[in-house]
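Working through the structure, step by step
Each chain, letter by letter, is given below.
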Amino acid sequence: MAAGLLAAAPAGAETLKVGATSTGIPFTFLDVKTGKIEGMMVDVANAVAKASGDQAEITQTVFSALIPSLTTKKIDFISAAMIQTPARAEVVDFTDPVYDKYGDGLIVKQGETADIKSLDDLQGKTLGVQAGTVYYNIATKKGGFKAIRTYDSIADMARDLALGRIDAGLGDKPIMAYQIKTGNLKGVELAPHYVSIQVGHISLVVRKGDAKLLKTLNAGIAKIKANGDLDKIIAKWGI
């Protein structure tokens, strides 16, 4: 499914295929009214492409398939809430950051926040995580849980949490906070005393060694930072 194609670009411009997930509100999500992928990172991808004299074509891909889609050349770059990590940097290249201080949070059933400060407080419990995220690796490395269940989306994870099928859910704090605030995640809340394990940057992602596109995107990022467009995009989405 493709959406978000920009208006006609200048002659000689390239159409860059951009991978984004439909489950990362407010960074990337499917607007059911328009059938298009929307969000902060979609706006960033479009703005960076425009600043570079190109245009972006947004393609919906589940989060766990974003990097495989990139490495197999089904897409040209990724624009999603994907934290830059050493492990990912071994297989893909990251642009300059477009969003800072992005970290993990923990959701629990509403009214059951208790004093959970770390994953140590969940030993022997069932933890939910989104498939393909760094949090799955963090949880499996930590160990000691009764079970670790994976989900395609935070919404699916939150639904099982509200039903009592898992004891907590580990995921992207900005996304979960936004969805709780807007009422998209019901019956759950952020554990207020939980301390993030990993805080990092969000960048655009290109194939390993694609120096030309990396340079182009970085130039576009520099432009939208300098002219204030990036700040306007972030403010628009309230993050």
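Here the structure is a predicted model, which is why all the values come from computation and not from measurement.

1. Comments concerning the overall build of the protein
Looking only at helices and strands, the protein has 8 helices and 13 strands in total. Projected onto its principal axes, the C-alpha coordinates of the protein cover approximately 60 × 35 × 30 Å. Of the contacts formed within the protein by residues at least 6 apart in sequence, a portion of 71% connects residues at least 24 apart. Counting every atom, the protein has about 11,200 Å² of accessible surface; 51% of that belongs to carbon and sulfur.

2. A look at the sheet that holds strand 5 (residues 36-38)
Within the open sheet, the 3 strands sit side by side as 3-4-5. Their pairing is antiparallel. In the strand order of this sheet, the two ends are held by strand 3 (23-24) and strand 5, each with one partner. Sheet analysis places strand 3 next to strand 4 (residues 28-31), joined by 2 bridges and oriented antiparallel. In the sheet register, Gly 24 faces strand 4, and the bridge partner there is Thr 28.

3. Quick look at the packing of aromatic side chains
Scanning all chains against the criterion turns up 4 aromatic pairs. Judged by centre distance (5.2 Å) and plane angle (75°), the ring pair of Phe 27 and Tyr 102 falls under edge-to-face. Here Phe 27 is found in the loop between strand 3 and strand 4, whereas its partner Tyr 102 is found in strand 8 (residues 92-109), with 75 residues between them in sequence. Pair check on accessibility: Phe 27 and Tyr 102 agree, each one buried. For the ring pair Phe 29 and Trp 237, a centre distance of 5.8 Å and an interplane angle of 80° mean the geometry is edge-to-face.

4. Regarding the side chain of Gln 130
Structurally, Gln 130 can be placed in strand 9 (residues 126-130). Looking at Gln 130, its side chain comes within polar contact range of the main-chain oxygen of Asp 152, at 3.2 Å.

5. Quick word on the pattern of salt bridges
Within this structure, the stated rule accounts for 6 salt bridges. Residue Lys 236 pairs with Asp 43 through a salt bridge whose shortest N-O separation is 2.9 Å. Of the two residues, Lys 236 is situated in helix 8 (residues 229-236) and Asp 43 in helix 1 (residues 40-51); the sequence distance between them amounts to 193 residues. The shortest N-O distance in the salt bridge between Asp 160 and Arg 165 comes to 2.9 Å. Given a relative accessible area of 48%, Arg 165 falls into the partly exposed group.

6. Comments concerning helix 4 (residues 134-142)
Listing the buried residues of helix 4 in full gives Val 134, Tyr 135, Ile 138 and Ala 139. Down the axis of helix 4, the smallest arc covering the buried residues is 135°, so these residues share one side. Those residues of helix 4 that are buried are in contact with helix 3 (86-89), strand 8, strand 9, strand 10 (147-151) and strand 11 (168-172). Positive phi shows up at Gly 143, right after helix 4, with a value of about 65°.

7. What about helix 1?
Taking 1.5 Å as the rise per residue, helix 1 with 12 residues should run 16 Å; its terminal C-alpha atoms sit 16 Å apart, in good agreement. Within helix 1, 10 of the 12 residues are buried, which leaves the element mostly enclosed by the surrounding structure. For helix 1, the complete set of buried residues consists of Met 40, Met 41, Val 42, Asp 43, Val 44, Ala 45, Asn 46, Ala 47, Val 48 and Ala 49. One or two positions beyond helix 1, positive phi appears at Gly 53, with a value near 80°.

8. What to know about the environment of Arg 207
Mapped onto the secondary structure, Arg 207 falls in strand 13 (residues 199-207). Between the alpha carbons of Arg 207 and Trp 237 there is a distance of 28 Å; along the sequence they are 30 residues apart. Residues within four places of Arg 207 in sequence aside, it is in contact with Leu 70, Thr 71, Lys 73, Ile 75, Asp 76 and Asp 93.

9. Section: unusual backbone geometry
In the segment running from Ile 25 into Pro 26, the intervening peptide bond is cis, with an omega of 5°. Positive phi, normally seen in glycine, also occurs at Lys 101, with a value near 55°. Relative to the helices and strands, Lys 101 is located in strand 8.

10. Remarks on the packing of helix 1 against helix 7 (residues 211-226)
Between helix 1 and helix 7, whose axes approach to 8 Å, the crossing angle comes to 105°. As judged from the angle between their axes, helix 1 and helix 7 are roughly perpendicular. Residues Ala 47, Val 48 and Ala 51 of helix 1 lie in contact with helix 7, whose contacting residues are Leu 217, Gly 220, Ile 221, Lys 223 and Ile 224. In terms of residue class, the contact of helix 1 with helix 7 is built from 6 nonpolar, 1 polar and 1 charged.

Criteria and cut-off values
- The residue numbers shown here count from 1 along each chain, following its written sequence.
- A pLDDT threshold of at least 70 governs which residues receive local features in this predicted model, and a stricter bar of 80 or more applies before side-chain atom pairs are shown or counted, although totals over entire chains, interfaces and linings include all residues.
- For side-chain calculations, the full set of non-hydrogen atoms in the structure is used, while hydrogens and water are omitted.
- Segments assigned H or I by DSSP are reported as helices when at least four residues long, segments assigned E as strands when at least two residues long, and all are numbered from the N terminus.
- Any two residues having at least one pair of non-hydrogen atoms within 4.5 Å are treated as being in contact.
- The method behind every accessible area is Shrake-Rupley, applied with a 1.4 Å probe, and residues are considered shielded solely by the protein chains displayed.
- Two strands qualify as a pair provided that DSSP identifies no fewer than 2 bridges between them.
- Working definition: a ring pair exists when centres of Phe, Tyr or Trp rings (six-membered ring for Trp) sit within 6.5 Å. Plane angles under 30 degrees give stacked, over 60 give edge-to-face, the rest tilted.
- Burial classes: relative accessible area under 20% of the type maximum marks a residue as buried, over 50% as exposed, and values in between as partly exposed (1.4 Å probe, protein chains only).
- The definition of a polar contact used here is a pair of N or O atoms within 3.5 Å, where within protein one atom must be able to donate a hydrogen and the other to accept one, and adjacent residues in sequence count solely through side-chain atom pairs.
- Here, a salt bridge means any Lys or Arg side-chain nitrogen found within 4 Å of an Asp or Glu carboxyl oxygen.
- It is the directions from the helix axis to the C-beta atoms whose arc is reported.
- By definition here, a helix of n residues has an expected span of 1.5 Å times n minus one.
- Structural elements are reduced to axes, namely lines fitted to C-alpha atoms, with helices fitted over the stretch in contact, and the angle between N-to-C directions of any two is expressed from 0 to 180 degrees.
- Here the angle decides the label: under 35 degrees means roughly parallel, over 145 means roughly antiparallel, 65 to 115 means roughly perpendicular, and every other value means oblique.
- Polar here means any residue outside two lists: the nonpolar Ala, Val, Leu, Ile, Met, Phe, Trp, Tyr, Cys and Pro, and the charged Asp, Glu, Lys and Arg; Gly therefore counts as polar.

These values are about where atoms sit, not about what they do.
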